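Observations on chain architecture
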Amino acid sequence: MNPLLVELCSGLSLQPPPPNRGRTSSLPHAPVRTPNLTLDEEKVALRNALRYFPSNLHSLLAPEFATELREFGHIYMYRFCPQIDMRAYPISQYPCKTKAAAAIMHMIMNNLDPHVAQFPQELVTYGGNGQVFSNWAQFRLVMYYLSQMTEQQTLVMCSGHPQGLFPSPRDAPRVVLTNGMVIPNYSSRDAYEKLFAMGVTMYGQMTAGSYCYIGPQGIVHGTVLTVVNAGRRYLGLEDLSGKVFVTSGLGGMSGAQAKAAAIIGCVAVIAEVDEAALTKRHQQGWLMQISNSLDQCIAQLREARQKKTALSLGYHGNVVDLWERLVQECEQTGELLVDLGSDQTSCHNPFSGGYYPAQLTFEAANQMMHTDPKTFRSLVQESLRRQVTAINKLSEKGMFFWDYGNAFLLEAKRAGADVEKAGGGKLEFKFPSYVQHIMGDIFSLGFGPFRWVCTSADPADLMETDAIATAVLEEITHEAETSSYVKQQYTDNIRWIRQAAKHNMVVGSQARILYSDQKGRVKIAVAINRAIAAGKITAPVVISRDHHDVSGTDSPFRETSNIYDGSAFCADMAVQNAIGDAFRGATWVALHNGGGVGWGEVVNGGFGLVLDGSAEAEERAKMMLNWDVSNGVSRRCWSGNARAYETICRTMNEHSDLRVTLPHAVEDEEILDRALQQ
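Here the structure is a predicted model, which means the values were calculated and not measured. Per chain, the residues get numbers from 1 upward, laid out in the order the sequence is written. Note on the predicted model: pLDDT of at least 70 is required for a residue's local features to be given, and 80 or more for side-chain atom pairs to be given and counted; whole-chain, interface and lining totals, by contrast, use all residues. Just so you know, side-chain values use all the structure's heavy atoms and leave hydrogens and water out.

1. Observations concerning the overall build of the protein
In plain terms, the rule: Helix and strand labels come from DSSP, where a helix needs a run of H or I of at least four residues and a strand needs a run of E of at least two; each type is numbered from the N terminus. Every radius of gyration here is taken over C-alpha atoms, with the globule rule written as 2.2 Å times N^0.38, N being the number of residues. The contact criterion used is simple: two residues touch if any of their non-hydrogen atoms lie within 4.5 Å. Where accessible areas are quoted, they stem from the Shrake-Rupley method and a 1.4 Å probe; at the residue level, only the protein chains shown are allowed to cover. A residue counts as positive if it is Lys or Arg and as negative if it is Asp or Glu; His and the chain ends are not included. Charged groups are reduced to one reference atom each: NZ for lysine, CZ for arginine, CG for aspartic acid, CD for glutamic acid.
In terms of regular secondary structure, the protein is built from 23 helices and 17 strands. At 24 Å, the protein has a C-alpha radius of gyration in line with the 26 Å of a compact globule built from 678 residues. For the protein, long-range pairs separated by at least 24 residues make up 71% of all intrachain contacts whose partners lie at least 6 apart in sequence. Summed over its atoms, the accessible surface of the protein is roughly 25900 Å², and 51% of this surface lies on carbon and sulfur atoms. Computed over 60 positive and 69 negative side-chain charges, the separation of the two mean positions in the protein equals 2 Å.

Here it is in structure tokens:
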């Protein structure tokens, strides 16, 4: 057992309290928040923060908490930020009574690893505001509770706050998390800023608040699949050599775009205003080159395009300037220099550091967003309109653009940009979301981002799981009943997993991700569990998935944007999924408001399941994973998706105890017209 972890799990260290070291200047920090609290609301925020500590410490802590609140817009409790090397330690080193609790600790510390987390001291993993906890007192209490937990207790987590350990059956989840479950009529952005500042709710993004983030590898894989399938759909190409992809964002999840471009072999130019983010990706080897000159960027783009060499080029500047320069080049030379375009700024959070307007420097923007938020909002919206104008001009010349599910088109519409689709409904813009045109059919086949983490922290165990997963997928592709479009998905993922080790995808925990359907997920989980039992893998493995999956998320402008029966704005699927996972064997479950597209726009959930080599773990994995995929496929089938209909019918043939209500399509639309003319 690691003595540093023993100390970390001892609870809040109060006799004496640790010194207040403040913020570490060498780490990136979250933008200042602007909750605009009244004096009475500030008192509530202070009172709520102090209740974690005995009253004899209130006179010491109240002034510094008040300073944090007014200086940073939130009480993070920097004094209690541990001085330990924050990372995912081998599971055997945690002082726990259960393997499940130790595995959860492993996952939490990975989410806060400075090599993984976007703003580690503010407990933000990714997306600019995706919190693991609201403050450091919560982190310390959770680590203490997990160290004490037995297999007949469940830790209840409410928006970062550990409500406590409650008695529960052995087969119940060990942790149940909810994040941001605000009553719908009060789930606005402005209300969120106040509620978060007062310490009563939290935006957990997706895998930040559910302890399941695995670094940018997950979005690297998703981006590889998205761009490859965009090339197939829009360009009719399997090989994207010499094709140019222009986008923005190199911070948290968006940082994956550079690596994805290198794997695909295309030419990618990615704009980023934050020099620290550019430098981080360059030092990782994910970004090949950096330039702050648009002239140089255009010259390098032209050269790579002509020679058909892979390039990931980071432009240190605003993406609006990049798009406008590409328009200028097209108008002056007649040459369209970009084939595919998207955007991965954190537009779900556009006025608090998620989107930087072209009119301001990075430093000036960071200052204005909290000193003059009204003007800043106006500049952001003007910048969005300029960006869309440039994208529209290039699109008219033959570039294909899609929304990456970051609320870019939604915020552009709110800013008054020209993104409306003539005759389109609430969910349709001039440009499609990547779910509508690219990933939606993949979800309808039951394919989504399945992942696992080797809690031994041993790369050899990860290599063993890679070999197991590859063998499983190859076996399925050779089955006679596997359709050609399903086989293509398996083939893409076999290629991915073979390349993943070569491309050094691991950042943080020893984790892997691939897209798989129900059959593949179950077979991989069972094979890994049996390898643990046989000693081929040295410690338990956590299986999980991104919330951005077949069943995990109801998001009308992303995951469910290709559902057209009117239910895209309903969240039954995500809620049912979390409940169903909980009683079918998940080790922990999470249900969130917000994630991806933003607060109040999404309901999503996730899980973690610990494979320990036992027969019980195998049965839990089979039961839970089958439900976790079939739930979403059946909902997509009911909405009228033909691929989902085929998938769920095939699944019912394979599982005699699965019975799903199937839709009867209206074959003659004129029946509706005649009925409504009466």
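2. Comments concerning the pattern of salt bridges
The test is simple: By definition here, a salt bridge exists when the distance from a side-chain nitrogen of Lys or Arg to a carboxyl oxygen of Asp or Glu is within 4 Å. Note on exposure labels: buried denotes an accessible area under 20% of the residue type's maximum, exposed denotes more than 50%, and partly exposed covers the range between, all computed with a 1.4 Å probe on protein chains only.
Summed over all chains, the structure comprises 40 salt bridges. E474 is the salt-bridge partner of R498, the closest N and O atoms lying 2.1 Å from each other. Of this pair, R498 sits in helix 18 (residues 484-500) while E474 sits in helix 17 (residues 459-477); the two residues are 24 residues apart in sequence, bridging distant segments of the chain. On the accessibility criterion, E474 (26% relative accessible area) is partly exposed.

3. Quick look at helix 18
Just so we agree on the cut-off: By this rule, a helix spans an expected 1.5 Å times one less than how many residues it contains.
Compared with the 24 Å implied by 1.5 Å per residue over 17 residues, the 24 Å span of helix 18 between its first and last C-alpha is a close match. Considered for burial, the residues of helix 18 that qualify are V486, Q489, Y490, D492, N493, I494, W496, I497 and A500.

4. Examining unusual backbone geometry
Each neighbour pair has its own omega, and for Q15 with P16 the value is -5 degrees, a cis peptide bond. The residue P16 is located in the loop between helix 1 (3-8) and helix 2 (39-50) in this model. Not every positive phi belongs to a glycine, and Q205 is a case in point at roughly 50 degrees. Within the secondary structure, Q205 sits in the loop between helix 6 (189-197) and helix 7 (217-235).

5. Notes on the pairing of strand 14 (residues 541-545)
Here is the rule: In short, DSSP must find at least two bridges between two strands for them to pair.
Most of strand 14 sits inside the fold, with five of its five residues counted as buried. Alternating positions in strand 14 separate into two faces, V541, I543 and R545 on one and V542 and S544 on the other, with burial throughout. Pairing analysis gives five bridges linking strand 12 (residues 448-454) to strand 14, with the strands arranged antiparallel. Opposite F450, over in strand 14, you have R545 as the bridge partner. Across four bridges, strand 14 lies against strand 17 (residues 603-611) in antiparallel orientation. Bridging across to strand 17, V542 finds its partner in V610.

6. A short note on the environment of D372
By secondary structure assignment, the location of D372 is in the loop between helix 13 (362-371) and helix 14 (373-396). The class of D372 is partly exposed, set by a relative accessible area of 30%. When the C-alpha positions of D372 and T34 are compared, they lie 9.9 Å apart, and in sequence the two are 338 residues distant.

7. Looking at the environment of A568
Here A568 is to be found in the loop between strand 15 (553-554) and helix 20 (572-584). Judged by its relative accessible area of 2%, A568 falls in the buried class. Sequence-wise, A568 and S639 are 71 residues apart; in three dimensions their C-alpha atoms are separated by 9.2 Å.

8. Notes on helix 19 (residues 518-533)
Since there are 3.6 residues in each turn of an α-helix, residues three or four apart along the chain are aligned in direction. The terminal C-alpha atoms of helix 19 lie 23 Å apart, and with 16 residues this matches the ideal 22 Å at 1.5 Å per residue to within 8%. For helix 19, the set of buried residues is Q518, G520, R521, V522, I524, A525, V526, I528, N529, A531 and I532. One or two positions beyond helix 19, positive phi appears at G535, with a value near 85 degrees.

9. As for a nonpolar patch on the surface
Spelled out, the test is: Patch membership requires over 30% relative accessible area and the absence of a salt bridge. Like charges are linked within 9 Å, and nonpolar side chains (Val, Leu, Ile, Met, Phe, Trp, Tyr) within 5 Å.
A cluster of nonpolar side chains, contributed by V666, I671, L672 and L676, occupies part of the molecular surface with about 380 Å² of accessible area. Here I671 is to be found in helix 23 (residues 670-676).

10. So, the packing of aromatic side chains
Heads up, the rule is: Stacked, edge-to-face and tilted labels apply to pairs of Phe, Tyr and Trp rings (six-membered ring for Trp) whose centres lie within 6.5 Å, assigned for plane angles under 30 degrees, over 60, and everything in between, in that order.
On inspection of all chains with the given rule, the structure shows 26 aromatic pairs. Relative to Y94, the ring of Y89 has its centre 6.5 Å away and its plane inclined at 85 degrees; by these criteria the two rings are edge-to-face. Taken individually, Y89 and Y94 each receive the classification buried, so the pair is uniform in this respect. Geometrically, the ring pair formed by Y356 and F362 is tilted, given 4.9 Å between the ring centres and 45 degrees between the ring planes.

11. Examining the pairing of strand 6 (residues 244-248)
Counting buried positions along strand 6 gives five out of five residues, so the element sits mostly inside the fold. Pairing of strand 6 with strand 7 (residues 267-272) involves five bridges; the strand directions are parallel. The partner of T247 across the bridge, within strand 7, is I270. Bridging between strand 6 and strand 10 (residues 340-341) involves two bridges; their strand directions are parallel. Residue pairing for strand 10: F245 is matched across the bridge by L340.

12. A word on the sheet that holds strand 6
One open sheet accounts for six strands, arranged 8-9-7-6-10-11; its pairing is parallel. Taken across any chain shown, the strands that pair with only one partner, and hence form the sheet edges, are strand 8 (289-291) and strand 11 (400-401). Note that strand 8 and strand 9 (residues 311-316) share three bridges and pair parallel. Of the residues in strand 9, the one forming a bridge with I290 is G314.

13. So, the environment of P17
Within the secondary structure, P17 is located in the loop between helix 1 and helix 2. Taking the C-alpha atoms as reference, P17 lies 8.2 Å from F80; in sequence the two are 63 residues apart.

14. Observations concerning the packing of helix 19 against helix 21 (residues 615-638)
In plain terms, the rule: Fitting a line to C-alpha atoms yields each axis, with helices limited to the stretch in contact; the angle taken between N-to-C directions then spans 0 to 180 degrees. Throughout this description, any angle smaller than 35 degrees is read as roughly parallel, any larger than 145 degrees as roughly antiparallel, any in the 65 to 115 degree range as roughly perpendicular, and the remainder as oblique. Helix crossings get a hand from a simple test, with the near helix turned counterclockwise from the far one by less than a right angle marking a left-handed crossing and a clockwise turn marking a right-handed one. Asp, Glu, Lys and Arg are counted as charged, while Ala, Val, Leu, Ile, Met, Phe, Trp, Tyr, Cys and Pro are counted as nonpolar; the rest, among them Gly, fall into the polar class.
Where helix 19 meets helix 21, the closest approach of the two axes is 9 Å, and the angle between their N-to-C directions is 165 degrees. Relative to helix 21, the element helix 19 is oriented roughly antiparallel. In the crossing of helix 19 with helix 21, the sense of the turn from one axis to the other is right-handed. Residues Q518, R521, V522, A525, V526, N529 and R530 of helix 19 form the contact with helix 21, whose own contacting residues are A617, E618, A621, K622, L625, N626, D628, V629 and S630. Broken down by class, the residue content of the contact of helix 19 with helix 21 amounts to seven nonpolar, four polar and five charged.

15. Looking at the side chain of R174
Note the threshold: Whenever a nitrogen or oxygen atom comes within 3.5 Å of another N or O atom, the pair is scored as a polar contact, on the condition that within protein one atom can donate a hydrogen and the other can accept it, and that pairs from neighbouring residues in sequence are kept only if both atoms are in side chains.
Tracing the sequence through the fold places R174 in the loop between strand 4 (161-167) and strand 5 (175-179). Buried charge R174 goes without a salt bridge, the closest partner of opposite sign being E151 at 6.3 Å. A distance of 3.4 Å separates a polar side-chain atom of R174 from the backbone oxygen of E151. Here S168 takes part through its side chain, which lies 3.1 Å from a polar atom of the side chain of R174. The residues contacting R174, other than those within four sequence positions of it, are A100, I104, M149, T150, E151, Q152, Q153, T154, L155, S168, P169 and T587.

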